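In case you want the letters, here they are:
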Amino acid sequence: MIKRSLIGLTPEEIRVLAGSSISHAIVIANYLYKRRSNDVALVPDIPKKVKEELSKKSIPGIYGPVASGRSSDGTIKYLFRNESEQEFETVLLTEAKRITVCVSSQSGCRMGCPFCVTGRYGFRGNLSVRDIITQVLGLPASENVTHVVFMGMGEPMDNIENVLKACKILTAEWGLALSKRNITVSTVGITPGIKYFLEESDCNMALSLYSPFPEERYRIIPAEKKYHAHEIIQIMKSYRNSGKRRMSIAYIMISDINDSEKHLEGLKALVTGTGIRINLIPYNPIPSDDNISSSNERMQYFRHELVISGISASIRKSKGIDVSAACGLLASGLQ
Ligand code: SF4
């Protein structure tokens, strides 16, 4: 019999598997997700019969990374390999008390964005809920994690069922109990997946924009051909949940590509009145690409101009560049 992993299951699914009551299933889920335990025999106050049934049919399922690299700025990149030999990377970012895990939702990616190493790596498969959750539970610092962002390898909306279930486990009381405000799912814009995500989850969402102009954006993000950013922004606006959910746009700034006055005006026109925040991000050049990031001065200018136009904007620092853990660089060390 192939044993199922308990990590990735809800209490209801554990109840069915173990033939237990729902209250016992909740205790088991709590133990697995909060204590990060890989031994069901240690779960207290559960009938022996339930434990025996579980050990016959399941494994706890947490597994750790197979390699890691630490950046000079403290960022750590981890390499995971699942049972199907799919490889994927995870990044741990520490900033004072805020400890963020950047998780992958797929091994590789099929969106083909030319400015991204993961896109060049190709698509190796969707990650299971277990694979996604273990990127948090399997880390040495897992108990201190405060934030999770789906900004690693893959397009989350292309693996939406597993991403939604992972968000549920990350935020449920019986799960890791992280705040929904501390979970962000990032996308290049797959409209059906976005609508489904916004219907089913209260977690934050970020859209990677690159350019406010459809024809230019299409050259950098092929998904624009089918799913248009200006329509997605209107959908995001309509799902803001009275401001409780944070909606943002990630705007990676590339010198002389998307940092002109025309781009600034285009950005303002697209975002004004939507309540969506803009995160300006320096570009991390990928191998064999001659483009460079916009200068710090240019980024400060963009931020200032957006803010005085009434748009919430900030500059995000790039971290982990020396271990290829920064935006767009994941999969650099994979074959
Ligand atoms: S930018 Fe995101 S969606 Fe595009 S290829 Fe890279 S991982 Fe995939």
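The structure presented is a predicted model; accordingly, all values stated were derived computationally and were not measured.

(A) Spotlight on the overall build of the protein. Counting secondary structure elements, the protein contains 11 helices and 14 strands. Here the C-alpha radius of gyration of the protein, 21 Å, is about what a compact globule of 335 residues would show, namely 20 Å. Projected onto the principal axes, the alpha-carbon positions of the protein cover approximately 70 × 40 × 40 Å. Taken across its 335 residues, the protein has 46% of its residues classed as buried. In the protein, the share of contacts with a sequence separation of at least 24, taken over all contacts with a separation of at least 6, comes to 67%.

(B) Expanded view of the site of the ligand. All residues adjacent to the ligand are Cys109, Met111, Cys113, Cys116, Thr118, Gly119, Met153, Gly154, Glu155 and Val188. Tallied by class, residues from the shell around the ligand come to 6 nonpolar, 3 polar and 1 charged.

(C) Up close: the nonpolar core. Within the largest apolar cluster, 93 residues are counted, with the highest numbers of intra-cluster contacts made by Ile28, Ile249, Tyr251 and Ile278. Residue contributions to this core peak at 7 residues, all from helix H2 (residues 22–34). Looking at this core, you find at least three residues from each of domain 1 (4–59) and domain 2 (67–323). Among all residues touching Ile278, those that are not within four sequence positions of it are Ile249, Tyr251, Leu267, Val271, Leu306, Ile311 and Ala313.

(D) Up close: helix H1 (residues 11–18). Burial in H1 covers these residues: Pro11, Ile14, Arg15 and Ala18. The buried residues of H1 occupy an angular sector of 105° when projected down its axis, which confines them to one face. Of the surrounding elements, those touching the buried residues of H1 are H2 and helix H3 (48–57). One or two positions beyond H1, positive phi appears at Gly19, with a value near 65°.

(E) Highlighting the packing of H1 against H2. Direction vectors running N to C along H1 and H2 enclose 115°, while the axes themselves pass 8 Å from each other. Judged on the interaxial angle alone, H2 and H1 are roughly perpendicular. Note that H1 runs across H2; the crossing there is right-handed. In this structure, H1 contributes Pro11, Glu12, Ile14, Arg15 and Ala18 to the contact, and H2 contributes Ile22, Ala25, Ile26, Ile28 and Ala29. Here the contact of H1 with H2 is built from residues that sort into 8 nonpolar, no polar and 2 charged.

(F) Representation of the pairing of strand E5 (residues 87–95). With 7 of 9 residues buried, E5 is to be regarded as a mostly interior element. In this sheet, E5 lies alongside strand E4 (residues 76–81) in antiparallel orientation, the contact comprising 6 bridges. Bridging across to E5, Ile76 finds its partner in Leu92. Joining the antiparallel neighbours E4 and E5 is a turn of 5 residues, in which Glu85 adopts a positive phi near 65°.

(G) Inspection of the environment of Gln86 at higher detail. Note that Gln86 resides in the loop between E4 and E5. Taking the C-alpha atoms as reference points, Gln86 and Ala166, 80 residues apart in sequence, are found 18 Å from one another. Among all residues touching Gln86, those that are not within four sequence positions of it are Ser107, Arg124 and Gly125.

(H) Fine view of unusual backbone geometry. A positive phi angle, close to 60°, is found at Asp45, a residue other than glycine. Inspection of the secondary structure puts Asp45 in the loop between H2 and H3. Residues other than glycine seldom take positive phi values, yet Ala96 does so here, at roughly 50°. Structurally, the position occupied by Ala96 is in the loop between E5 and strand E6 (98–102).

(I) Region of interest: the sheet that holds strand E9 (residues 147–150). The sheet built from 10 strands is open, its strands ordered E3-E4-E5-E6-E9-E10-E11-E12-E13-E14 with mixed pairing. Across the chains shown, the open sheet's two edge strands, defined by having one partner strand only, are strand E3 (67–70) and strand E14 (313–315). Averaged over all adjacent pairs, the angle separating strand axes in this sheet is 20°, with direction ignored.

(J) Local environment of the domain arrangement of the protein. Its domain assignment divides the protein into domain 1 (4–59) and domain 2 (67–323). Between the C-alpha centres of domain 1 and domain 2 there is a distance of 33 Å. Across the contact, 10 residues belong to domain 1 and 12 residues belong to domain 2. It is H2 that provides the largest number of residues to the side of domain 1 that touches domain 2, a total of 5 residues. Class assignment of the residues belonging to the side of domain 1 that touches domain 2 gives a composition of 5 nonpolar, 3 polar and 2 charged.

(K) View of the pairing of strand E11 (residues 204–208). Across the 5 residues of E11, 5 count as buried, placing the element largely inside the fold. Direction of pairing for strand E10 (residues 183–187) relative to E11: parallel, over a ladder of 4 bridges. Paired with Ser186 across the two strands is Ala206, which belongs to E11. Taken together, E10, helix H7 (residues 191–200) and E11 form a β-α-β motif whose crossover is right-handed. Both E11 and strand E12 (residues 247–253) contribute to a ladder of 4 bridges, which runs parallel. Within E12, the residue paired with Leu207 across the bridge is Ile249.

What counts, and at which threshold
Residues numbered from 1 in each chain as written. Predicted model: local features only at pLDDT ≥ 70, side-chain atom pairs only at ≥ 80, totals over all residues. Helix = DSSP H or I, 4+ residues; strand = E, 2+ residues; numbered from the N terminus. Rg over C-alpha atoms; globule rule 2.2 N^0.38 Å. Buried ≥ 20, exposed ≤ 12 C-beta atoms within 10 Å, placed from the backbone. Contact = placed C-beta atoms within 7 Å. Near = placed C-beta within 6 Å. Nonpolar A, V, L, I, M, F, W, Y, C, P; charged D, E, K, R; others polar. Core = buried A, V, L, I, M, F, W, Y, C linked by C-beta atoms within 7 Å. Domains from an automatic or database assignment. Arc of directions from axis to C-beta. Axes fitted to C-alpha atoms, helices over the stretch in contact; angles between N-to-C directions. Parallel < 35°, antiparallel > 145°, perpendicular 65-115°, else oblique. Left-handed = near helix turned anticlockwise from the far one by under 90°. Pairing = 2+ DSSP bridges. Right-handed = clockwise from strand over helix to strand, strands pointing away.

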